[in-house]
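# Observations on the three-dimensional arrangement
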Amino acid sequence: MCTYLALLRGINVGKNSTVPMARLREVFAELGCADVRTYIQSGNVVFRFDDDPHELRSHLATAINDSFGLAVPVLLRDRTELDAVVRDYPFADRDLDPSKVGVGFLAHETTDDIDLRPSRGKEEIVRAGRELYIHYPDGMGRSALTPAFFQRRLPNNPMTVRNWRTVMRLHTMMYT
C-alpha cells in the first residue's frame, strides 16, 4: 500500500462548509483507504491506498459531495511528491516564520506566462511543479494573494494553501 495525502479545499472555513473529521475519515475508509488520519480541521487526510489513485480523487470528491453536500476539490500527493515539496523548499537559507510561508498545492503545473504577481504587497512566489511556495511577510490574512486572486489567475487549476508548519507536520505523519 502507498501512503497519500489528500488536501481538501474550502472545508470548515464557514458555517456552510462544516465537515466533521470523524465522518470524513469514515468516508475515506468506505472507499478502501486504510489507516486514515486527519490533521486539524482544514481538510488534511493522510491514508494508505492499494489501488490506482487516479480515479480515487474523483471518487473522493463525489463521496464528500454525497456525504456533506459540498463540492470541494481534492488534491492528492503521494509520499515521494511530498518529500520533493519539503526538499525543494526555496526559503531554507532564510529564517522565516513558518506561519508566514505557504505552499499552494495545485491540481496541475502552471506555465510561466501566467502572471501570479500581486498588484500590491511584498509577497514572494516561487513555482516548482504543481506547488507554489509563497512568503507572506505581513501574514496570509493581509495578503492580496487571496483564494479569489488565484482562482481568477488559474480558473481551471484548483489550489489550496497550507502553511509551512502544517506541511511539515503532514510530511511527518506520512512516515508514522
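Just above, that's the structure.
Per chain, residue numbering runs from 1 following the sequence as it is written. Note on the predicted model: pLDDT of at least 70 is required for a residue's local features to be given, and 80 or more for side-chain atom pairs to be given and counted; whole-chain, interface and lining totals, by contrast, use all residues. Side-chain metrics rest on all non-hydrogen atoms present in the structure, leaving aside hydrogens and water.

## Here we look at the pattern of salt bridges
We count it as follows: Within this document, salt bridges are pairs made up of a side-chain nitrogen of Lys or Arg and a carboxyl oxygen of Asp or Glu, the two lying within 4 Å of each other. The numbering of helices and of strands both runs from the N terminus, where a helix is a DSSP run of H or I of at least 4 residues and a strand a run of E of at least 2. Relative accessibility under 20% of the residue-type maximum defines a buried residue, over 50% an exposed one, and the middle range a partly exposed one, all with a 1.4 Å probe and only protein chains included.
A complete count under the given rule lists nine salt bridges for this structure. Between Arg 48 and Asp 35 there is a salt bridge whose closest N-O contact spans 2.6 Å. Separated by 13 residues along the polypeptide, Arg 48 in strand E3 (residues 44-49) and Asp 35 in strand E2 (residues 34-39) bring together distant segments of the chain. The exposure class assigned to Asp 35 is partly exposed, which follows from its relative accessible area of 46%. Residue Arg 94 pairs with Glu 124 through a salt bridge whose shortest N-O separation is 2.7 Å. Residue Arg 94 is found in the loop between helix H3 (79-87) and strand E5 (101-106), and its partner Glu 124 is found in strand E6 (residues 124-128); the two are separated by 30 residues along the sequence. Among the residues examined, Arg 94 registers a relative accessible area of 33% and is labelled partly exposed. It is possible to trace a salt-bridge network through shared partners that takes in Arg 23, Glu 26 and Glu 30.

## A few points about the packing of aromatic side chains
Using the following cut-off: Within 6.5 Å between ring centres, the rings of Phe, Tyr and Trp (the latter by its six-membered ring) count as paired, and their orientation is classed by plane angle as stacked under 30 degrees, edge-to-face over 60, tilted in between.
The tally for this structure, following the rule as stated, stands at seven aromatic pairs. Centre to centre, the rings of Tyr 133 and Trp 164 are 6.5 Å apart; their planes meet at 55 degrees, and the pair counts as tilted. Taken together, the residues span a long stretch of sequence, with Tyr 133 in strand E7 (residues 131-135) and Trp 164 in helix H5 (residues 164-173) at a distance of 31 residues. In this structure Tyr 133 comes out as buried when scored by relative accessible area, which is 1%. Since its relative accessible area comes to 10%, Trp 164 is described here as buried. With 5.3 Å between their ring centres and 85 degrees between their planes, Phe 149 and Phe 150 make a pair best called edge-to-face.

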